[in-house]
Amino acid sequence: MIKMYDIECKVCGWFAGYASSTLHTTSRISLLLLVISLSGCLSSKQLKTNGYILTSQTVRGNRGVSSENLLSLIPQKPNRRLLGLPITTQLWLYQLGQRRYDRNAALRNLQAKTNEFEQQSQLAANQPKELKKLNRRYGRQLKHLRQKAEEGNWVMRNLGEPPSYFSEKDAQANVAKMQKYLSDKGFFNAKTAYTLDTLRRSQIRVNYLITENAGFYLRNIVYEIADSRVDSIVRQSFDKSKLQVGERFDFDNMSGERLRIETLLRDQGYYTFSRQYIRATDVDTVRRGNDRRFRDGLEPGDSLRRNVDVTLQIMNPPGLAAHPIYHIGQVDMQISPAESLPPVDRLADSTGAVNVPIIPVTQFDTVNRNGVRYLLSGRNLSVRLLDSKILLRPNQLYSQSHYRDTQRQLFLLNQFKFVNLNFIDTTNRQLKTLITATPLDKYEATAEGGFTGLLYQGVGYPGGFGSLIFRVRNMFGGLETFETTLRYGLEAQTGFVTDPSNPKNVVYKSQELGISSSLIFPQILFPGRIRFAFRPFAPRTQISLSFNNTFRPDFRRSLLRATMAYTWQTTPTKQFSFLIADINLINAGDGNVEVISDAFKQQLNNLTAQGSTVYLSFRRSLSSSFSFAYTYNTNIPGQNRRANFLRTVIESGGTTLNFVSNKTVSRWSDTLTGIGLQFYKFLRGNVDFRHYIPIRNRTTVAFRINTGIAYGYGPDGGPVPYEKFFFAGGSNSVRAWLPRRLGPGSAFPYQTDPSIPAINKDNNQFIYLFEQPGNVLLEGSAELRGRLFHLGADIDGALFVDAGNVWTLTDNPSRPGSVFRFNTFFPQIAVGTGVGLRFDFSFFVVRFDGGIKVWDPARRYLNTKNELVDQRFILPEFSLGKLTSGANPLVINFGIGYPF
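Residues numbered from 1 in each chain as written. Predicted model: local features only at pLDDT ≥ 70, side-chain atom pairs only at ≥ 80, totals over all residues. Heavy atoms only, no water.

This part is about the confidence of the model for the chain. Here the chain averages 83 in pLDDT, and 86% of its residues register 70 or above. Low confidence marks residues 1-45, where pLDDT is under 50. Its contacts with residues over four positions away, or in another chain, come to 42 contacts. This stretch, residues 287-295, has a pLDDT under 50; its non-local contacts, to residues over four places away or in other chains, come to 21 contacts. (pLDDT = per-residue confidence, 0-100. Contact = heavy atoms within 4.5 Å.)

Okay, structure coming up:
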């Protein structure tokens with residue numbers, strides 16, 4: 001064994017030396033090869049005698065059952081390999097840390113610190129404050145020492161991965177689990193086995209072989225129900241049964257049917273009913289199909305088809321002729337005054353033991369409404385609104401759904417810390433119901449802040465933002481929430497024009513100052529009785545008013561916005577939003593540097609002369625719209641499972657202007673004869689779909705498709721408000737381009753001559769000075785996410801590919817290739833790829849993504865010599881030696897949260 005190890009290390013050393021001599025001009029690659037070689041040599045040290053490292057597990061031969069489900073049955077997790085190669089880098093790091101680790105010493109330190117804490121605690125037994133300090137100080141130290149004793153030192157815990165040894169017994173147990181799982185899925189005659197492949201350096205791969213054979217299908221489903229009322233309820237719901245004749249037998253469907261019946265009956269008053277009363281008493285397998293049923297067309301006549309007859313029996317409780325039915329008795333809702341109560345005293349008994357608590361007596365304001373008694377404890381709360389959230393009423397049949405929905409709706413009010421529902425079984429099977437709720441603080445103030453940055457042509461420009469949020473709950477006694485946010489930001493942005501006095505200065509300082517206020521009501525504010533139809537769906541009405549100011553050297557822009565929106569949630573995964581009014585008053589003026597502002601005005605005039613309508617975005621304007629949005633989301637943060645997200649938005653702007661002519665609207669917009677406000681009429685739609693597929697415990701593949709169109713049909717060419725355009729590029733779009741700088745179409749950026757692209761002669765990079773709006777958006781992304789190691793937070797890595805672009809709907813002579821056409825759009829889709837890091841602090845995620853261009857549709861143009869240049873496939877231009885200064889630089893994007 002030692003000789004083999006020496007030979008392989010020599011081979012590794014020869015390979016590293018060969019790579020170093022051959023690639024002497026690329027020292028970084030040589031260093032990488034050397035690290036990989038060392039990791040391969042060292043990964044076998046400190047292993048068990050004759051032990052094999054488990055580095056791969058596969059499932060083969062299965063067709064009806066997914067490999068994902070079969071692999072989830074295996075508790076052993078293989079050691080991760082680098083890029084699928086037999087190189088266990090993290091195992092090598094674990095062993096590297098293990099060399100300097102002494103577990104016995106760690107245990108001694110833990111025991112010594114524990115003894116010290118116990119001694120100090122005894123000395124401070126009669127000093128509550130001192131004891132609290134000791135608990136806090138020693139708690140952190142003991143936690144760290146215990147973690148070190150159980151999991152190893154810092155390198156072992158955060159960078160390394162302990163060895164996962166292969167065991168023959170584990171493989172045999174996994175085969176047995178798969179056999180049972182296949183049987184539960186209807187493959188009663190399935191066979192399972194495994195084979196082993198030994199890999200480099202004592203590594204092993206386990207191949208689980210599956211032979212499903214023919215599956216068994218449901219032929220007859222018989223229900224035997226002793227309780228006649230239960231029998232009637234169950235038989236009326238057979239159309240929703242999880243068991244259907246002709247489908248393959250599946251034990252999960254059997255369990256699902258038991259759960260369905262339990263939920264069904266609990267919603268009909270059967271408070272104590274449990275799925276334990278439901279049993280599959282008979283499961284008969286039949287080899288051949290029934291000839292008579294075949295002639296009647298009830299089942300296939302395949303002689304190889306396996307059938308199953310299932311009998312489900314619902315028994316009565318022991319000693320009873322029927323299942324008991326429960327009704328709701330007295331219903332009380334008590335608002336807990338816990339935050340204002342004095343400390344609870346305790347009374348000593350005759351022996352001196354303190355065991356009898358004295359509960360403070362609290363006076364409750366009692367209000368009765370619709371059979372519910374409200375104990376408000378002095379709180380000014382709207383009983384009418386609380387009553388609309390409570391679905392439990394005296395003398396009604398008990399309903400498990402009403403119980404859950406009541407708790408959910410009270411929690412969604414955002415007024416209570418905790419909401420608990422308790423039932424007490426009184427005489428005559430009446431459930432006395434007590435709802436207790438602990439209110440949140442009425443006043444709340446929070447501060448938030450962060451840093452931003454812009455990396456432009458190898459130079460970093462830092463920035464930051466901060467906000468102060470003040471919140472008042474139950475402001476007018478109607479369970480409403482008032483919130484005000486004050487925000488200030490200072491960041492670097494590329495300008496629309498260069499500084500005439502300093503042509504190399506294209507990055508400007510931008511300041512943003514804004515204030516917004518909103519009032520949220522827990523109901524639909526609408527005249528008539530239609531608003532009551534939304535009560536079961538946690539409705540909300542939000543009225544908002546905000547003012548935002550942006551200061552830049554080239555222009556100043558302010559936005560006054562007022563909105564009113566309805567939202568409701570029919571299920572935990574489905575949400576609807578109706579923005580009944582969205583009014584925006586926009587004003588733009590001169591920037592804070594006169595020479596740059598004048599140059600910007602001149603550029604707007606030049607673009608206007610060429611037919612562009614971008615100048616309309618920098619004049620006083622008024623836009624109003626309403627929109628409807630639907631969101632479907634099964635993705636739960638922190639749970640790595642298959643999920644979908646869909647959001648669709650339809651918006652109509654300036655709809656009321658359709659009652660007047662375009663000529664009249666143009667007259668109103670005239671700065672000399674009218675009020676000088678630009679009005680807009682437009683339609684806008686957007687669809688955003690995401691799909692998440694888990695491939696390992698902490699590894700996910702995520703896909704996204706995002707598309708939309710904005711169409712203006714008003715006077716003056718039918719412009720669309722600048723805020724309603726689509727943009728591509730940036731941390732949540734195609735990440736190989738700077739934010740909002742991609743497109744439109746294959747148009748390239750220019751400065752003075754529209755036929756000559758703006759190119760930096762020093763590095764051959766395109767000079768994107770301003771944002772590139774579009775009317776049509778089409779983009780997609782695929783991202784592989786996985787955990788790398790733990791370093792104060794979970795450090796996740798990502799590998800992504802982005803594709804997309806924006807297009808216009810009208811021709812612009814200065815921007816050829818910018819219009820969307822079905823016969824030309826495909827080669828105009830930009831493609832980028834890259835890697836990223838995510839710092840997951842559980843309550844938020846900090847993200848860094850580095851992207852490079854693969855396909856740039858703008859890189860096809862005529863140069864100054866009237867020669868065609870086609871560099872659209874720009875990936876070969878990327879170079880590690882010119883990471884930020886080459887023609888294809890690395891673009892760093894910073895973001896909060898996942899990109900999608």
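Here the focus is unusual backbone geometry. Of note, the bond from Gly-743 into Pro-744 is cis; its omega dihedral lies within 30 degrees of zero at -5°. Even without a glycine there, the phi angle at Arg-429 is positive, about 55°. Position of Arg-429 relative to the elements: it lies in the loop between strand E12 (416-425) and strand E13 (430-439). Under the relative-accessibility criterion, Arg-429 is labelled partly exposed at 38%. Non-glycine residue Arg-740 carries a positive phi angle of around 65°. Relative to the helices and strands, Arg-740 resides in the loop between strand E25 (699-712) and strand E26 (776-790). Given a relative accessible area of 35%, Arg-740 falls into the partly exposed group. (Helix = DSSP H or I, 4+ residues; strand = E, 2+ residues; numbered from the N terminus. Buried < 20%, exposed > 50% of the residue type's maximum accessible area, 1.4 Å probe, protein only.)

The next point concerns helix H9 (residues 228-235). Every buried residue of H9 is accounted for by Val-230, Asp-231, Ile-233 and Val-234. The arc that holds the buried residues of H9, viewed along the axis, is 165°, so those residues lie on one side. Packed against the buried residues of H9 are strand E4 (216-225), helix H10 (251-266) and strand E6 (306-314). With a side-chain oxygen positioned 3.0 Å from the backbone nitrogen of Arg-229, the residue opening H9 is Asp-227. (Arc of directions from axis to C-beta. Polar contact = N/O pair within 3.5 Å; in protein donor to acceptor, adjacent residues only side chain to side chain.)

A separate point is a nonpolar patch on the surface. A cluster of nonpolar side chains, namely Leu-468, Leu-486, Tyr-488, Leu-490, Leu-513, Ile-515, Leu-545, Phe-547, Leu-560 and Leu-585, defines an oily patch on the protein surface of about 840 Å² accessible area. Of all the secondary structure elements, the ones that give two or more residues to the nonpolar patch are strand E16 (481-494), strand E17 (507-521) and strand E18 (540-551). Along the chain, Ile-515 turns up in strand E17. Using a relative accessible area of 41% as the deciding quantity, one classes Ile-515 as partly exposed. (Patch = residues over 30% accessible without salt bridge, like charges linked within 9 Å, V, L, I, M, F, W, Y side chains within 5 Å. Areas by Shrake-Rupley, 256 points an atom, 1.4 Å probe, with all protein chains shown as cover. Salt bridge = Lys/Arg side-chain N within 4 Å of Asp/Glu carboxyl O.)

This part is about the sheet that holds strand E3 (residues 203-211). If you walk across this open sheet you meet the three strands as E1-E3-E2, and the pairing is mixed. Each edge of the sheet is formed by a strand with only one pairing partner; in this case those strands are strand E1 (53-60) and strand E2 (191-199). Across the sheet, the axes of successive neighbouring strands diverge by a mean angle of 20°, strand direction being ignored. For E1 and E3, the ladder comprises seven bridges, and the chain directions are parallel. Its bridge partner lying in E3, Arg-60 is registered against Leu-209. Against the sheet, helix H8 (residues 168-184) makes contact with E1, E2 and E3, and its axis sits at roughly 145° relative to E2, the strand it touches most. (Pairing = 2+ DSSP bridges. Axes fitted to C-alpha atoms, helices over the stretch in contact; angles between N-to-C directions.)

Here we come to the packing of aromatic side chains. Each aromatic ring pair is summarised here by two numbers: the centre-to-centre distance and the angle between the ring planes. Here the structure, examined in full by the defined rule, presents 33 aromatic pairs. Measuring from centroid to centroid gives 6.4 Å for Tyr-566 and Phe-578, while their planes differ by 55°, and the two rings are tilted. With a gap of 12 residues between them, Tyr-566 in strand E19 (residues 555-571) and Phe-578 in strand E20 (residues 574-590) connect regions that are remote in the sequence. Residue Tyr-566 is classed as buried on the basis of its relative accessible area of 6%. (Phe/Tyr/Trp six-rings, centres within 6.5 Å; stacked < 30°, edge-to-face > 60°.)

Ordered by their spatial adjacency, five strands build an open sheet running E10-E11-E7-E13-E12, and the pairing between neighbours is mixed. Lying at the two open borders of the sheet, with one neighbouring strand each, are strand E10 (366-369) and E12. Here the average twist between neighbouring strands, direction ignored, is 20°. Pairing of strand E7 (residues 327-335) with strand E11 (residues 372-375), which is carried by four bridges, proceeds in the parallel orientation. Directly across from Val-331, in E11, lies its bridge partner Val-372. Running over the sheet, helix H13 (residues 400-411) touches E7, E12 and E13 and is turned about 155° from E12.

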